[in-house]
Amino acid sequence: QVQLVESGGGLVQAGGSLRLSCAASLRTFSRYTMGWFRQAPGKEREFVATISRGGHSTSYANPVKGRFTISRDDAKNTVYLQMNSLKLEDTGVYYCAASGRVVAVAGTSRSADYDHWGQGTQVTVSS
């Protein structure tokens, strides 16, 4: 049974920070590329960040570059998303995802490349 569980969401004022965590039950967590996606109300799910297996490579969506940092702790089977300088438009449900596909070995922004998804955690940025 594969399970991804997000936590750390909540209400934060604009300019503030929040750290999301995603705990994975994957037996071979270190061999999975991990990603974060988000979905704002009334909009499609969009890519946020990805980190390769091994953690040597990361990529970010343009709106979050310089503000968000993705990281992983393979000993804890956990991936993190540190969010700084939060903006109102960052509001949404944040999902973590895992990909064991070779094509995603260095990280991927394509939702179709991910095999496992968490149920999401709400992030609300207020003014």
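Check the entry above for the structure.
Here the structure is a predicted model, which is why all the values come from computation and not from measurement.

Conventions we followed
Residues numbered from 1 in each chain as written. Predicted model: local features only at pLDDT ≥ 70, side-chain atom pairs only at ≥ 80, totals over all residues. Heavy atoms only, no water. Salt bridge = Lys/Arg side-chain N within 4 Å of Asp/Glu carboxyl O. Buried < 20%, exposed > 50% of the residue type's maximum accessible area, 1.4 Å probe, protein only. Helix = DSSP H or I, 4+ residues; strand = E, 2+ residues; numbered from the N terminus. Core = buried A, V, L, I, M, F, W, Y, C linked by side-chain atoms within 4.5 Å. Contact = heavy atoms within 4.5 Å. Pairing = 2+ DSSP bridges.

A. The pattern of salt bridges, seen in detail. All told, the structure shown has six salt bridges when counted by the stated rule. The shortest N-O distance in the salt bridge between Arg38 and Glu46 comes to 2.8 Å. Arg38 sits in the buried class, given a relative accessible area of 6%. Judged by relative accessible area, Glu46 falls into the partly exposed class, the value being 36%. Between Asp115 and Arg101 there is a salt bridge, with its nearest N and O atoms 3.0 Å apart. Highlighted residues: Asp115 in the loop between strand 9 (92–99) and strand 10 (116–117) and Arg101 in the loop between strand 9 and strand 10, separated in sequence by 14 residues. In this structure Asp115 comes out as partly exposed when scored by relative accessible area, which is 35%. Residues participating in the shared-partner salt-bridge network are Arg38, Glu46, Arg67 and Asp90.

B. Structural detail: the nonpolar core. Counting residues in each nonpolar core, the largest one holds 32 residues, and the members touching the most others are Trp36, Val79, Leu81, Met83 and Tyr94. Contributions of two or more residues to this core are made by strand 3 (18–24), strand 4 (33–39), strand 5 (46–51), strand 7 (68–73), strand 8 (78–83), strand 9 and strand 11 (121–126). Once residues lying within four places of it in the same chain are set aside, the contact partners of Leu81 are Leu18, Arg19, Leu20, Trp36, Val48, Ala49, Phe68, Thr69, Ile70 and Tyr94.

C. Main features of the pairing of strand 11. Of the two faces of strand 11, the one lined by Thr121, Val123 and Val125 is fully buried and the one lined by Gln122, Thr124 and Ser126 carries no buried residue. For strand 2 (residues 10–13) and strand 11, the ladder comprises four bridges, and the chain directions are parallel. Bridging across to strand 11, Gln13 finds its partner in Ser126. Taken together, the three bridges between strand 9 and strand 11 define a ladder with antiparallel strand orientation. Counted as the bridge partner of Tyr94 is Thr121 from strand 11.

D. Here's a closer look at unusual backbone geometry. For Asn77, which is not glycine, the phi dihedral falls at a positive 50 degrees. Of note, Asn77 is situated in the loop between strand 7 and strand 8. A positive phi is found at Ser85, a non-glycine position, where the angle reads about 50 degrees. Secondary-structure assignment places Ser85 in the loop between strand 8 and strand 9.

E. Quick peek at the environment of Gly9. Tracing the chain through its elements places Gly9 in the loop between strand 1 (4–7) and strand 2. By relative accessible area, which is 35% here, Gly9 ends up partly exposed. Taking the C-alpha atoms as reference points, Gly9 and Cys22, separated by 13 residues in sequence, lie 11 Å from one another. Leave out the neighbours within four places in its chain, and Gly9 touches Leu18, Leu20, Thr121, Gln122 and Val123.

F. Just the environment of Ser71, in detail. Here Ser71 lies in strand 7. With relative accessibility at 32%, the residue Ser71 sits in the partly exposed group. Excluding anything up to four places from it in sequence, Ser71 contacts Ile51, Thr78, Val79 and Tyr80.

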